[in-house]
Amino acid sequence: MAYPQAAQPPVPSGTADQVAQPPSVKVILTSADVQRVVDRIAHQILEKTQGAADTVLLGIPTRGAPLARRLADRINAFEAVDVPVGVLDITLYRDDLRRHATRKVGPTQVPPGGIDGKRIVLVDDVLFSGRTIRAALDALSDLGRPSSVQLAVLVDRGHRQLPIRADYVGKNIPTALSENVRVTLAETDGVDEVRLFGVGSVSARSELASPAVANEGWAQP
């Protein structure tokens, strides 16, 4: 007697590799790690700037702004020094503006006293190609003439396209160009974490293309 064969589940469209391979995800920094990194950078700024004298912290949105405020808070906790904090929006100075003309322009907030003659520490979450920092330097030049400019970043993932380096680095993460670094902060995302995403599967590309995570917080050129 012939028994009917059990129905087989439909085979998803696309190649087997595209369907079977989920993106690899590795947690690089936990919440506790991020706190320790911020503390270390704050100490380094104090040491390298003679106690943060005549120093202004300017955060680059989105996540550079809360990082700058955290650094100022930790500097105050360590040395009882009030470091002015501002926000430097770079939207109109980006070299990809014509390709992304719909970017929303954010506010630039200069601390009282301005930046003339001050030591400016630009603060950002991830240093990658260097193009964001180049845009920040252009934006800064329209605000005034600082005595010097330094750069503090939570993560340096390499692959520079411009001759730019950070003075303060929380974590150096060797990466492939096909990978992405995702930084989340409690102020903007509800949690402090740095993750490394391996890219190559359909699933990974779909997540990277999601409006909720595209551009902001990803280390893109």
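Because the structure is predicted, anything quoted here is derived from the model rather than measured.

Let us look at the overall build of the protein. A tally of helices and strands in the protein yields six helices and eight strands. In sequence order, the secondary structure elements of the protein are arranged as α-β-α-β-α-β-β-α-β-β-β-α-β-α. Per-residue burial over the protein gives 40% buried out of 221 residues. Long-range pairs, those at least 24 residues apart, make up 69% of the contacts in the protein with a sequence separation of at least 6. When the accessible area of the protein is evaluated, it comes to approximately 12000 Å², of which 51% is carbon and sulfur surface.

Confidence along the protein averages 84 in pLDDT terms, with 76% of residues attaining 70 or more. Contacts for the low-pLDDT stretch residues 13–21, under 50 throughout, to residues beyond four places or in other chains number five contacts. Ignoring residues within four places in sequence, the model shows residues 200–221, a span with pLDDT below 50, making 44 contacts including any to other chains.

A few words on helix α2 (residues 31–48). The end-to-end C-alpha distance of α2, which contains 18 residues, comes to 26 Å, matching closely the 26 Å that a straight helix rising 1.5 Å per residue would cover. Inspection of α2 places Val34, Val37, Val38, Asp39, Ile41, Ala42, Ile45 and Leu46 among the buried residues, and these make up the whole buried set. Among the residues trailing α2, Gln50 stands out with phi positive, at a value near 55°.

What follows covers the pairing of strand β2 (residues 55–59). Burial runs high along β2: five of the five residues are buried. Note that β2 and strand β3 (residues 85–87) share three bridges and pair parallel. Across the sheet, the residue bridging to Leu58 is Gly86, located in β3. Taken together, β2, helix α3 (residues 64–79) and β3 constitute a β-α-β crossover, and its handedness is right-handed.

A word on the packing of α2 against α3. Put simply, α2 and α3 touch, their axes get as near as 9 Å, and they point 65° apart. It follows from the interaxial angle that α2 and α3 lie roughly perpendicular. Seen from above, α2 lies across α3 with right-handed handedness. Mapping the contact onto sequence places Val34, Val38, Asp39, Ile41, Ala42, His43, Ile45 and Leu46 in α2 and Leu67, Arg70, Leu71, Arg74, Ile75, Phe78 and Glu79 in α3. Taken together, the residues of the contact of α2 with α3 sort by class into ten nonpolar, one polar and four charged.

Let us look at the pattern of salt bridges. Per the counting criterion, the structure on display carries twelve salt bridges. Note that Arg74 is salt-bridged to Asp39, the shortest N-O span being 2.7 Å. Here Arg74 is found in helix α3, whereas its partner Asp39 is found in helix α2, with 35 residues between them in sequence. Residue Arg74 is classed as partly exposed on the basis of its relative accessible area, which comes to 29%. Two residues, Arg70 and Glu187, come together in a salt bridge whose shortest N-O distance is 2.6 Å. Within this pair, whereas Arg70 is found in helix α3, its partner Glu187 is found in helix α5 (residues 186–189), the two being separated by 117 residues in sequence.

Okay, the sheet that holds strand β7 (residues 180–184) next. Note on sheets: strands pair through backbone hydrogen bonds, and any given pair is parallel or antiparallel. Strand order in this open sheet of three strands is β1-β8-β7, and the pairing throughout is antiparallel. At either margin of the open sheet sits one strand with a lone partner, and together these are β1 (25–29) and β7. On average, adjacent strands in this sheet sit at an angle of 25° to one another, irrespective of strand direction. Alignment of β7 against strand β8 (residues 193–197), held across five bridges, turns out to be antiparallel. The residue bridging Val183 from the neighbouring strand is Val194, located in β8.

Looking now at the packing of aromatic side chains. Within this structure, the stated rule accounts for zero aromatic pairs. The cationic tip of Lys48 hangs over the ring face of Tyr168; the distance from NZ or CZ to the ring centre is 5.5 Å. Arg157 extends its terminal NZ or CZ atom over the ring of Phe128, reaching a point 3.9 Å from the ring centre.

Cut-offs and rules
Residues numbered from 1 in each chain as written. Predicted model: local features only at pLDDT ≥ 70, side-chain atom pairs only at ≥ 80, totals over all residues. Heavy atoms only, no water. Helix = DSSP H or I, 4+ residues; strand = E, 2+ residues; numbered from the N terminus. Buried < 20%, exposed > 50% of the residue type's maximum accessible area, 1.4 Å probe, protein only. Contact = heavy atoms within 4.5 Å. Areas by Shrake-Rupley, 256 points an atom, 1.4 Å probe, with all protein chains shown as cover. pLDDT = per-residue confidence, 0-100. Expected span 1.5 Å × (residues − 1). Pairing = 2+ DSSP bridges. Right-handed = clockwise from strand over helix to strand, strands pointing away. Axes fitted to C-alpha atoms, helices over the stretch in contact; angles between N-to-C directions. Parallel < 35°, antiparallel > 145°, perpendicular 65-115°, else oblique. Left-handed = near helix turned anticlockwise from the far one by under 90°. Nonpolar A, V, L, I, M, F, W, Y, C, P; charged D, E, K, R; others polar. Salt bridge = Lys/Arg side-chain N within 4 Å of Asp/Glu carboxyl O. Phe/Tyr/Trp six-rings, centres within 6.5 Å; stacked < 30°, edge-to-face > 60°. Lys NZ or Arg CZ within 6 Å of the ring centre and 35° of its normal.

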